[in-house]
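Read off the chains here:
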Amino acid sequence: VQLQASGGGLVQAGGSLRLSCAASGTTFSGYNMGWFRQAPGKEREFVAIIKWTGGSTYYADSVKGRFTISRDNAESTVSLQMNSLKPEDTAVYYCAADRTRWRTVLRTTTEDYDYWGQGTQVTVSS
């Protein structure tokens, strides 16, 4: 699975951005899809995940209620709507596909993901 993330940019605190991730190379169906982020000097951390069915989602506590993950299996895309952005949301955001197709459990560790996009920078100014 090849992943291409886009939609990052510079926004003021309180603003919104929508990230998109397009998959290609093989079938998109059956993969749980996640968004992770990495701030300078910090480890990559989990942000959100959506099950291959689209019916289940899970969020990091730090973004719950502000971010929404969604997917379009027909278009092979996954999106992350980010509202009420804070300076601490500043990071490079990565989309990723679970290494195991049809997994029923939502995994939040980077080790469970084999396929990664190139990352898109999100900068939130105060």
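Structure: see above.
Every value quoted in this text rests on a predicted model; they were computed, and no experiment measured them.

Topic: the sheet that holds strand β3 (residues 17-24)
Alright, step 1. Read across the sheet, four strands follow the order β1-β3-β8-β7 without closing on themselves; strand pairing throughout is antiparallel. Unpaired on one side and paired on the other, β1 (2-6) and β7 (67-72) mark the two borders of the sheet. Averaged over all adjacent pairs, the angle separating strand axes in this sheet is 15°, with direction ignored.
Alright, step 2. Note: β1 against β3, five bridges, orientation antiparallel.

Observations concerning the environment of Arg 71
Alright, step 1. One can find Arg 71 in strand β7.
Alright, step 2. By relative accessible area, which is 14% here, Arg 71 ends up buried.
Alright, step 3. Once the C-alpha coordinates of Arg 71 and Arg 37 are considered, the two residues, 34 residues apart in sequence, prove to be 18 Å apart.

Thoughts on the pairing of β3
Alright, step 1. Here β3 shows a clear split, with Leu 17, Leu 19, Cys 21 and Ala 23 buried on one side and none of Arg 18, Ser 20, Ala 22 and Ser 24 buried on the other.
Alright, step 2. Sheet topology places β3 next to strand β8 (residues 77-82); six bridges connect them, and they run antiparallel. Residue Ala 22 lies in a different strand from β8, and its bridge partner there is Thr 77.

Re the side chain of Ser 79
Alright, step 1. Among the structural elements, Ser 79 can be located in strand β8.
Alright, step 2. You can call Ser 79 buried: its relative accessible area is 9%.
Alright, step 3. With residues near it in sequence (within four places) discarded, Ser 79 still touches Arg 18, Leu 19, Ser 20, Trp 35, Thr 68, Ile 69 and Ser 70.

Side note on the packing of aromatic side chains
Alright, step 1. The full count for this structure, using the stated rule, is eight aromatic pairs.
Alright, step 2. Consider the rings of Tyr 31 and Tyr 115, whose centres lie 5.9 Å apart with planes at 85°: the pair is edge-to-face. Of this pair, Tyr 31 sits in the loop between β3 and β4 (33-38) while Tyr 115 is found in strand β10 (residues 113-116), placing the two residues 84 residues apart along the sequence.
Alright, step 3. Between Trp 52 and Trp 102, the aromatic rings sit 4.9 Å apart at their centres with planes inclined by 90°, giving edge-to-face as the arrangement. Here Trp 52 is found in the loop between β5 (45-50) and β6 (57-59), whereas its partner Trp 102 is found in the loop between β9 (91-98) and β10, with 50 residues between them in sequence.
Alright, step 4. Among the aromatic residues, those joined into a cluster by ring pairs are Phe 36, Phe 46, Tyr 58, Tyr 94, Tyr 113 and Trp 116.
Alright, step 5. In this structure, Arg 44 packs its charged tip against the face of Tyr 94, placed 3.7 Å from the ring centre.
Alright, step 6. Positioned above the aromatic ring of Trp 116 is the side chain of Arg 44, whose terminal nitrogen or guanidinium carbon lies 4.8 Å from the ring centre.

So, how was this worked out
- The written sequence of each chain sets the order in which its residues are numbered from 1.
- It should be noted that, the model being predicted, local features are given only for residues of pLDDT at least 70 and side-chain atom pairs only at 80 or more, the latter also being counted only at that level, while totals for whole chains, interfaces and linings use all residues.
- Excluded from the side-chain calculations are hydrogens and water; all other atoms, namely the structure's heavy atoms, are used.
- Here, strands pair whenever DSSP counts at least two bridges between them.
- Labels follow the DSSP assignment, with helices taken as runs of H or I lasting at least four residues and strands as runs of E lasting at least two, numbered in each case from the N terminus.
- Interaxial angle, 0 to 180 degrees, is taken between N-to-C directions of lines fitted to C-alpha atoms, where a helix line uses only the stretch in contact.
- When a residue's accessible area, from a 1.4 Å probe over protein chains only, is under 20% of the maximum for its type it is buried; when over 50% it is exposed; and in between it is partly exposed.
- By definition in these notes, contact holds between two residues if any of their heavy atoms fall within 4.5 Å.
- Two aromatic rings, drawn from Phe, Tyr or Trp (for Trp, its six-membered ring), form a pair once their centres lie within 6.5 Å of each other, and the interplanar angle then sorts them: stacked below 30 degrees, edge-to-face above 60, tilted otherwise.
- Ring-over charges, as used throughout, are those where CZ of Arg or NZ of Lys falls within 6 Å of the ring centre and within 35 degrees of the ring normal.

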